[in-house]
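Below are the chains, spelled out letter by letter.
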Amino acid sequence: MHIHFNGAAQTVTGSQYLLEVNGSRILMECGLFQGRRSETYERNRSFHFEPRSLQAVLLSHAHIDHSGNLPHLVKQGYTGPIFTTPATADLADIMLRDSGHIQEADAEFLNKKAPQAGGSPIEPLYTLADAEQVAQYFRPTSYAQPTEVVPGVTAEFMEAGHILGSAAIRLEIQENGRRTRLWFSGDIGRFGLPLLRDPVLPHDVDY
């Protein structure tokens, strides 16, 4: 098993973690990096892996720093399942469409300035139409329902109490005759909040 920290490492945005196990590749989160405009565009446009090489995506919640680069992932050729909770699937669809609209509006604004500055026209990272393509790949999965996401890897979404639909993800991995349990926290909420259930804290895992 190998874990690659491709985003939200030494920064707090652009959450992306690539898990390689049993010959499969699982992406946990596909967040949008948010920072200075030039750095943001380059970081979000370039993945550290080939999107078509992935077998599954796991999404903890709908916030854009965790889900916001999914349209670009699909645009670059990913057509596999995106496992997440039902509420996250609904919220992410709305938020990604909004993000696509913002990408287009930003590009339009900058392109009005580009001729004066002698720059080349800027293409949006993705469009509203691109964002609309993501929903077909969502695989809504109920809390505490073990689901095999690739051969030998079972995922279970656990309440995270962060926003509606947010989850931690417990992975049970069978590899080379050994069982390993891995807990991916996502973003953890607080206890006693209105509307949201209390988070389930890590338990019964190895890492």
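Scroll up to find the structure this text is about.
Counting restarts for each chain: residues are numbered from 1 in the order of the written sequence. The model is predicted, so local features are restricted to residues of pLDDT at least 70 and side-chain atom pairs to those at 80 or more, both for listing and for counting; the totals for chains, interfaces and linings are taken over all residues. Only heavy atoms go into the side-chain values, all of them from the structure, while hydrogens and water stay out.

### Quick word on the overall build of the chain
Stage number 1. Each helix is a run of H or I in the DSSP string that is no shorter than four residues. Each strand is a run of E no shorter than two, and both are numbered from the N terminus. Along the backbone of the chain there are five helices and ten strands.
Stage number 2. Between the two quantities, the radius of gyration covers C-alpha atoms and the globule rule is 2.2 Å times the number of residues to the power 0.38. Against the compact-globule benchmark of 17 Å for 207 residues, the chain has a radius of gyration of 18 Å, which places it among compact chains.
Stage number 3. Projected onto the principal axes, the alpha-carbon positions of the chain cover approximately 60 × 45 × 35 Å.
Stage number 4. Of all 207 residues assigned to the chain, the portion counted as buried reaches 48%.
Stage number 5. Just so you have it, the chain exposes about 10,500 Å², and 51% of that area is on carbon and sulfur atoms.
Stage number 6. In this count, Lys and Arg are taken as positive residues and Asp and Glu as negative ones, while His and the chain termini are left out. All charge positions are set by atom: Lys at NZ, Arg at CZ, Asp at CG, Glu at CD. For the chain, the centre of its 17 positive side-chain charges and the centre of its 24 negative side-chain charges are spaced 3 Å apart. Only protein chains enter the calculation, and the probe is 1.4 Å; a residue is then buried if its accessible area is under 20% of its type maximum, exposed if over 50%, and partly exposed in between. Residue burial considers only the protein chains on display, and all accessible areas are found by Shrake-Rupley using a 1.4 Å probe.

### Looking at the side chain of His72
Stage number 1. Within the element layout of this structure, His72 appears in helix 3 (residues 70–75).
Stage number 2. For His72, the residues in contact, after removing those within four places along its chain, are Asn44, Arg45, Phe47, Leu125 and Tyr126. Residue contacts follow a heavy-atom distance rule, with two residues in contact if any of their heavy atoms lie within 4.5 Å.

### Here we look at the pattern of salt bridges
Stage number 1. Definition used for salt bridges: Asp or Glu carboxyl oxygen within 4 Å of a side-chain nitrogen of Lys or Arg. Within this structure, the stated rule accounts for ten salt bridges.
Stage number 2. Close ionic contact of Arg25 with Glu20 constitutes a salt bridge, the shortest N to O distance being 3.0 Å.
Stage number 3. Judged by relative accessible area, Glu20 falls into the partly exposed class, the value being 23%.
Stage number 4. The residue Lys75 makes a salt bridge to Asp130 at a minimum N-O spacing of 3.8 Å. With Lys75 in helix 3 and Asp130 in helix 5 (residues 128–132), this pair connects stretches of sequence that are 55 residues apart.
Stage number 5. Salt bridges sharing common partners tie together Asp93, Arg97 and Glu132.

### So, the environment of Val21
Stage number 1. Its place among the elements puts Val21 in strand 2 (residues 16–21).
Stage number 2. With relative accessibility at 2%, the residue Val21 sits in the buried group.

### Digging into the pairing of strand 10 (residues 178–184)
Consecutive side chains of a regular strand alternate in pointing toward one face of the sheet and then the other.
Stage number 1. Among the seven residues that make up strand 10, five are buried, leaving the element largely enclosed by the rest of the structure.
Stage number 2. Any two strands with at least two DSSP bridges between them are considered paired. Where strand 9 (residues 167–175) lies against strand 10, seven bridges are found, and the strand directions are antiparallel. From the neighbouring strand, Ile169 faces strand 10, where its bridge partner is Phe184.
Stage number 3. If you look at the hairpin formed by strand 9 and strand 10, you'll find two residues sitting between the two strands, and Asn176 has a positive phi there, around 55°.

### Structural notes on the sheet that holds strand 10
Stage number 1. Reading across from one edge, 7-8-9-10 is the order of the four strands in this open sheet, with antiparallel pairing throughout. Unpaired on one side and paired on the other, strand 7 (147–150) and strand 10 mark the two borders of the sheet. Recorded for the sheet is a direction-independent mean angle of 30° between the axes of neighbouring strands. Between N-to-C directions, angles cover 0 to 180 degrees, with each direction set by a line fitted to C-alpha atoms, over the stretch in contact for helices.

### Regarding unusual backbone geometry
Stage number 1. The phi angle at Asn22 is positive, at roughly 55°, despite the residue not being glycine.
Stage number 2. Considering the arrangement of structural elements, one finds Asn22 in the loop between strand 2 and strand 3 (24–28).
Stage number 3. In this structure, Leu195 is a non-glycine residue whose phi angle is positive, near 75°.
Stage number 4. Mapping Leu195 onto the fold places it in the segment after strand 10.

### Remarks on the pairing of strand 3
Stage number 1. By the criterion of burial, strand 3 is predominantly enclosed, with four of the five residues buried.
Stage number 2. Taking the residues that link successive antiparallel strands as the turn, the strand 2-strand 3 hairpin has two residues, and the phi of Asn22 there is positive, at about 55°.
Stage number 3. Pairing of strand 3 with strand 4 (residues 56–58) involves three bridges; the strand directions are parallel. Looking at the pairing, Ile26 lines up with Ala56 of strand 4.
Stage number 4. Whether a crossover is right-handed comes down to one check: with the strands pointing away from the viewer, does the path from the first strand over the helix to the second run clockwise; if it does, it is right-handed. Handedness of the crossover joining strand 3 and strand 4 through helix 1 (residues 37–45) is recorded here as right-handed.

Geometry only, nothing functional implied.
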